[in-house]
Amino acid sequence: MRLSISQIRTDGGTQSRAEIHQITVVEYATAIKEGHLFPPIVVFYDGNYYWLVDGFHRLSAHLLAGYQDLEVEVKQGTLREAILYAVGANAEHGLRRSPADKYHAVSLLLADEEWSSWSDRMIAKQTFTSPPFVAKVRSILIIKANTERVYTTKHGSQSSMDTSLIGKAKKYHTLQLQLNVWEKLQHYQEKMGLESMSASINQLLALDTNIPKAIPNVSVTDTTVNRWIGFDPGLAVVRWAVLEGPETSYDLPKILDYGTLETTKKRPTSERLWELEQDLVTLLREFQPNNVAMEIPFMGENPKTTRSVLEAAGVIQLVCYREIGIVPVHLYPSMWKSHIGSGRADHEEVTDTLSVLFNLNNVGKSRLDAIGIAYGAFCGVKVNE
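Residues numbered from 1 in each chain as written. Predicted model: local features only at pLDDT ≥ 70, side-chain atom pairs only at ≥ 80, totals over all residues. Heavy atoms only, no water.

(A) Local environment of the pairing of strand 5 (residues 69–76). Here three bridges tie strand 1 (residues 2–4) to strand 5, and the two strands are oriented antiparallel to one another. From the neighbouring strand, arginine 2 faces strand 5, where its bridge partner is glutamate 71. As paired elements, strand 3 (residues 41–45) and strand 5 share five bridges and run parallel to each other. Looking across to strand 5, one finds that tyrosine 45 is bridged to glutamine 76. (Pairing = 2+ DSSP bridges. Helix = DSSP H or I, 4+ residues; strand = E, 2+ residues; numbered from the N terminus.)

Written out as structure tokens, the structure reads:
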């Protein structure tokens, strides 16, 4: 049936995406004007109102194209039932969900008193995400709730303050400054023959008469911990993994997380590269690695595939340098594969080896190449450029 756009409610908390992507709206509107037909949007009717649950971009595009009504699929249900439907509505069609979209969908359920009592697995099933992802969002929201203070401004309005950083050192987006200071302190300690880094700091501070000559309980942050992110580049799928461990330790590094970044199929390459760029920014800002490793793309016989992989690799290098000031370390496939066994190992052999090495359970046929890339680079494997 067709329904007037003015009858459709969009203010009931049924928007599962973090935001509307205006580029997509313009693209849809252009296609609509050219005569292309889109699937009906989905609304829930509660007896009084039609609540939009699936098709926010299509609705905006029809408005932009000058339409007053559009085709809809009507389902009977309450507003709460509409929200439950909406959080998983965009998982398998339309504009691919970004990590921010998934985070927002999960947050909608965790913000509710009833739904937040559900298990991570139940929420993951409803939102088409994974239990570990839900657990991560749940922990973030708990920390935020415990550190956010609501107060009244001098103008009488309500505002909030994040108190989690009060009394803590500023977190830099790059560790380069800390590393430089660390190296200078080490050099000074060796030159003066001092026993500890704390003694070096106290002696340097004592040179200034305006600073107390004794600094009790001085603690120095260990900047020798390396956090590597490894990338297995591709246009359709970029596999990534984040490993962390002490630089001087012989123990296995810890896997912080791993996964994939996927671009929307059957879309222009430029748009898919833009999607990749957006997801990479989110990923790097979340984990803040101080090292990056990337596999050197295989030059296959198909020039189209080779070109697309190289384009994706270029975007990865660009974003890494722009966001965190790091030029990725490059590894040939045979190099990091040799590090874990055989340079000729296929994907199944790599998965089997890494799942045993890092005690990963139930990975199935998942490709763990990015873990191998990050692990090889963490252990010093690289191309000498």
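(B) Examining the pattern of salt bridges more closely. Overall, the coordinates contain 20 salt bridges when judged by the stated rule. Here arginine 322 and glutamate 277 are joined by a salt bridge, their closest N and O atoms 2.6 Å apart. Residue arginine 322 is found in helix 10 (residues 303–324), and its partner glutamate 277 is found in helix 9 (residues 269–287); the two are separated by 45 residues along the sequence. Given the relative accessible area of 43%, arginine 322 is considered partly exposed. Linked through salt bridges whose partners overlap, the residues forming this network are Asp232, Arg239, Arg367 and Asp369. (Salt bridge = Lys/Arg side-chain N within 4 Å of Asp/Glu carboxyl O. Buried < 20%, exposed > 50% of the residue type's maximum accessible area, 1.4 Å probe, protein only.)

(C) Representation of the pairing of strand 4 (residues 50–54) within the structure. A large share of strand 4 lies buried, amounting to five of its five residues. For strand 2 (residues 8–9) and strand 4, the ladder comprises two bridges, and the chain directions are parallel. Looking across to strand 4, one finds that isoleucine 8 is bridged to tyrosine 50. Bridging between strand 3 and strand 4 involves four bridges; their strand directions are antiparallel. Residue pairing for strand 4: valine 43 is matched across the bridge by leucine 52. As consecutive antiparallel partners, strand 3 and strand 4 are separated by four residues, and within that stretch glycine 47 has a phi angle of approximately 105°, a positive value.

(D) Just the packing of aromatic side chains, in detail. Taken as a whole and assessed by the stated rule, the structure comprises seven aromatic pairs. Here the aromatic rings of tyrosine 28 and phenylalanine 38 are separated by 5.0 Å at their centres, their planes lie at 50°, and the arrangement is tilted. In this pair, tyrosine 28 is assigned in helix 1 (residues 22–33) and phenylalanine 38 in the loop between helix 1 and strand 3, connecting sequence segments ten residues apart. Overall, the relative accessible area of 10% leaves tyrosine 28 in the buried class. In this structure, arginine 9 is placed above the aromatic ring of tyrosine 49, and the distance from its NZ or CZ to the ring centre is 4.5 Å. The ring of tryptophan 115 is capped by arginine 80, whose NZ or CZ atom sits 4.0 Å from the centre of that ring. (Phe/Tyr/Trp six-rings, centres within 6.5 Å; stacked < 30°, edge-to-face > 60°. Lys NZ or Arg CZ within 6 Å of the ring centre and 35° of its normal.)

(E) Quick peek at the nonpolar core. Phe231 and Leu280 are the most contacted members of the largest nonpolar core, which has 24 residues in total. Those elements giving two or more residues to this core turn out to be strand 8 (225–232), strand 9 (237–246), helix 9, strand 11 (291–295) and helix 10. (Core = buried A, V, L, I, M, F, W, Y, C linked by side-chain atoms within 4.5 Å.)

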